[in-house]
Amino acid sequence: MKLKTRLIIAFCILIILPVSLMCALASGVYMLQSRMEAGSQSTYDIFSGTLQVMNRYTESDYTEILNLSRTDPARLESEEWMEEENASLVEKSSFLIFSKDGIVIYNGYQGEDSWTNEEWEENLPAYGDADDSDRVGYFVSGDTQYLIKQVDFVCTDDAQGSIYIITSSVSILPRVRQMIVEFAVSAILILALTAGLMTIWIYRGTMTPIKKLQVATTNIKEGNLDFTIDYDEADEMGDLCRNFEEMRKRLKESTEEKMSTEKENKALISNIAHDLKTPITAVKGYSEGILDGVADTPEKMERYLRTIYNKANEMDRLINELTLYAKIDTNRIPYNFNKINVSAYFADCIDEIGLDLETKGIGLSYLNYADPHTVIIADPEQLMRVINNIVNNAIKYMDTRKGQISIRIKDVGDFIQVEIEDNGKGIDARDLPYIFDRFYRTDASRNSATGGSGIGLSIVKKIIEDHGGKIWATSKLNAGTIMYFVLRKYQEVPK
């Protein structure tokens, strides 16, 4: 339940229930106290208003005496019965009086402020004055109001007997006040219980998720993101907890990504530093050879200078890879897309690659099965980088005396497929799914003669995907590897 709904319900209950109870209490107090302790009203009005209240206490006793007067009147003259009945009436703030021919024979009042028997004889109703319709009567003495219930019967000696049940308002008023106090206490307890239940209800609906959020914020402050907030109620606090949990997940992903990036950067720096060390050492060595006069012939001088040049190119390539990696990492590779004729473009690429492979003694074959007029949208420079990286990677792991690289262009529907195959040592099946990951090397040794920064194929994958294509590889150990990538053809949209 939403917090807003909880507060509305709690507000209504805490307002309506107390108001209702207070109204009932005030009404009861007003009716009872104003009627029983009134000063300006007539005695009759006061007493008649409380008549039924006082009558309730002795209703059963009156009925029992009335029945005995009709069935067993002799028992009503028994003093033992009178004592028993009076003891029962005392517990009800009443007492019993028995008169015979107008003379009080038995007076059950036990207080010290009672009238004398003669005074009762003067004030009690005479025989035959009982009102059978109301079955009750009353009289007033000063501030004291008496409710009298009279039962007349004929005694065993034919005398006129009357049994009176008398209830005093003075004696019953404490009961009424006690009832009012009990009612007020009950109202307070109900209010306290209602308020307590409403407080617990709202507390559990708000403090439980708040405590979970406090624990979560403490964990985040301490750098611990490996926890979950298991609160999924359909309310505002549930929404807050779910948003916080989503924030935690994203923060964890961001932290892990940052740590992974830092790890990759450290690995890149380590790789580049290692790979730069080899050509720098060679450059220094051959330069010292020239300075020391070791290259004392034109042929040696040319060989030394060419080696220095090649090593400088190798260092330039590594630095370019580092620069490109930084651009890839921030998605800022500069692309210059143009329409490219596939046949013409790859023919130029083969001419450029062929010269380098020829100097290294590696054979090159090229087959184009695509239509001569096939056009694609691509960045020529970045696409050339893809081909060079794949070819250089093949050369790096070429371990046969007679190396061979084959490049094939195929037409596959709306795409052209480029296949670059070598006859190198191949890639193990367990390594094949990871060769396009950053810094992944099938050769874990950093002293390997192959070197490399470990980001060449990851750059290739990024460029191909940015062209809307896809790249993958197949390989067999000691047989070679085939790299595949596809690029979508350019098609004119008819007007």
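Residues numbered from 1 in each chain as written. Predicted model: local features only at pLDDT ≥ 70, side-chain atom pairs only at ≥ 80, totals over all residues. Heavy atoms only, no water.

Visitor: In this structure, what is going on with the overall build of the protein chain? I would like to understand it.
Guide: The number of helices and strands found in the protein chain is 10 helices and 12 strands. Burial analysis of the protein chain (495 residues in total) assigns 37% to the buried set. When contacts within the protein chain are restricted to residue pairs at least 6 apart in sequence, long-range pairs at least 24 apart make up 65% of them. Summed over its atoms, the accessible surface of the protein chain is roughly 28,800 Å², and 54% of this surface lies on carbon and sulfur atoms. (Helix = DSSP H or I, 4+ residues; strand = E, 2+ residues; numbered from the N terminus. Buried < 20%, exposed > 50% of the residue type's maximum accessible area, 1.4 Å probe, protein only. Contact = heavy atoms within 4.5 Å. Areas by Shrake-Rupley, 256 points an atom, 1.4 Å probe, with all protein chains shown as cover.)

Visitor: Is there a simple way to think about the side chain of Gln-417 in this case?
Guide: Tracing the sequence through the fold places Gln-417 in strand β10 (residues 415–422). Residues contacting Gln-417, with those up to four places away along its chain left out, are Arg-408, Ile-409, Lys-410, Val-412, Trp-472, Tyr-484, Phe-485 and Val-486.

Visitor: How do you make sense of helix α3 (residues 79–90) when you look at a structure like this?
Guide: Since the α-helix packs 3.6 residues into each turn, any two residues three or four apart lie on the same face. If you check α3, its first and last C-alpha atoms are 16 Å apart, about what 12 residues at 1.5 Å a residue would give, namely 16 Å. Those residues of α3 that sit buried are Trp-81, Met-82, Glu-85, Asn-86 and Leu-89. Down the axis of α3, the buried side of the element spans an arc of 125°, and every buried residue falls inside it. Here α3 starts with a cap whose side-chain oxygen sits 3.4 Å from the backbone nitrogen of Glu-80, and that cap is Ser-78. (Expected span 1.5 Å × (residues − 1). Arc of directions from axis to C-beta. Polar contact = N/O pair within 3.5 Å; in protein donor to acceptor, adjacent residues only side chain to side chain.)

Visitor: Honestly, the pairing of strand β5 (residues 160–168) in this entry has me stumped. Any pointers?
Guide: Side-chain direction in a regular strand flips from residue to residue, so the side chains alternate between the two faces of the sheet. Along β5, eight of the nine residues are buried, which leaves the element largely enclosed by surrounding structure. As paired strands, strand β1 (residues 94–100) and β5 are joined by seven bridges and run antiparallel to one another. Pairing of Phe-98 across the sheet is with Ile-163, part of β5. (Pairing = 2+ DSSP bridges.)

Visitor: What should I look at first to understand the confidence of the model for the protein chain in this one?
Guide: Where the model shows low pLDDT, its predicted coordinates should not be examined in detail. When the pLDDT values of the protein chain are averaged, the result is 80; 81% of them are 70 or greater. Contacts from residues 36–49, a stretch scored under 50 in pLDDT, to residues over four places away or in other chains number 24 contacts. The low-confidence segment residues 444–450, where pLDDT is below 50, has 10 contacts with residues more than four positions distant or belonging to other chains. (pLDDT = per-residue confidence, 0-100.)

Visitor: Can you walk me through the packing of aromatic side chains in this structure?
Guide: Here the distance between the centres and the angle between the planes together describe a pair of aromatic rings. Applying the stated criterion across every chain yields a total of seven aromatic pairs. A centroid spacing of 4.8 Å and a plane angle of 85° characterise the contact between Tyr-286 and Tyr-304, whose relative ring orientation is edge-to-face. Residue Tyr-286 is found in helix α6 (residues 236–291), and its partner Tyr-304 is found in helix α7 (residues 298–329); the two are separated by 18 residues along the sequence. Its relative accessible area of 27% is what places Tyr-286 among the partly exposed residues. Note on Tyr-304: relative accessible area 12%, which makes it buried. (Phe/Tyr/Trp six-rings, centres within 6.5 Å; stacked < 30°, edge-to-face > 60°.)

Visitor: Explain the pairing of β1 here, please?
Guide: Counted residue by residue, β1 has six buried out of seven residues, so it is predominantly covered. As judged from the four bridges shared by β1 and strand β2 (residues 103–107), these two strands associate in the antiparallel manner. Directly across from Ile-97, in β2, lies its bridge partner Asn-107. Hairpin connection from β1 to β2: two residues lie between these consecutive antiparallel strands, with Asp-101 at a positive phi of about 55°.

Visitor: Help me out: how do you make sense of the sheet that holds strand β12 (residues 480–488) in this one?
Guide: Picture the strands of a sheet paired through backbone hydrogen bonds; they go either parallel or antiparallel. As summarised here, the arrangement of the five strands in space is β7-β9-β10-β12-β11, forming an open sheet in which the pairing is mixed. Either end of the sheet is taken by a strand with one partner, and the two such strands are β7 (363–368) and β11 (470–476). Each neighbouring strand pair of the sheet contributes to a mean axis angle of 15°, computed without reference to strand direction. By the bridge criterion, seven bridges tie β11 to β12 in an arrangement that is antiparallel. Looking across to β12, one finds that Trp-472 is bridged to Tyr-484. (Axes fitted to C-alpha atoms, helices over the stretch in contact; angles between N-to-C directions.)

Visitor: How should I be thinking about the pattern of salt bridges in this particular structure?
Guide: Between side chains of opposite charge, a pair can form as their charged atoms come close. Scanning the entire structure with this criterion turns up 14 salt bridges. In this structure, Lys-360 engages Asp-356 in a salt bridge whose closest nitrogen and oxygen atoms are separated by 3.6 Å. Between Glu-419 and Arg-408 there is a salt bridge whose closest N-O contact spans 2.9 Å. Note that Glu-419 is positioned in strand β10 and Arg-408 in strand β9 (residues 404–412), a separation of 11 residues in sequence. One connected set of salt bridges, linked through shared partners, spans Arg-408, Lys-410, Glu-419 and Glu-421. (Salt bridge = Lys/Arg side-chain N within 4 Å of Asp/Glu carboxyl O.)

Visitor: Could you clarify how one ought to interpret the packing of helix α8 (residues 342–359) against helix α9 (residues 380–396) in this entry?
Guide: Helix-helix packing: each pair is described by the crossing angle between the helix axes and the interaxial distance. Two elements in contact, α8 and α9, have axes separated by 11 Å at closest approach and are oriented at 35°. Where α8 crosses over α9, the two elements pack in a sense that is right-handed. Taken together, the residues of α9 that come into contact with α8 (itself represented by Tyr-345, Phe-346, Cys-349, Glu-352, Ile-353 and Leu-357) are Pro-380, Leu-383, Met-384, Ile-387, Asn-388, Val-391 and Ile-395. The residue makeup of the contact of α8 with α9, split by class, is 11 nonpolar, one polar and one charged. (Left-handed = near helix turned anticlockwise from the far one by under 90°. Nonpolar A, V, L, I, M, F, W, Y, C, P; charged D, E, K, R; others polar.)

Visitor: Sorry if this is basic, but what is going on with a nonpolar patch on the surface here?
Guide: Taken together, Phe-11, Ile-15, Ile-16 and Val-19 make up a surface patch of nonpolar side chains, about 400 Å² in accessible area. By the element assignment, Ile-15 lies in helix α1 (residues 3–36). (Patch = residues over 30% accessible without salt bridge, like charges linked within 9 Å, V, L, I, M, F, W, Y side chains within 5 Å.)

Visitor: Help me understand a negative patch on the surface, please; the structure alone is not making it clear to me.
Guide: Where like charges cluster on the molecular surface, the negative patch consists of Glu-79, Glu-80, Glu-83 and Glu-84. Relative to the elements of secondary structure, Glu-83 occurs in helix α3. Under the relative-accessibility criterion, Glu-83 is labelled partly exposed at 41%. (Lys, Arg positive; Asp, Glu negative; His and termini not counted. Charge placed at Lys NZ, Arg CZ, Asp CG, Glu CD.)

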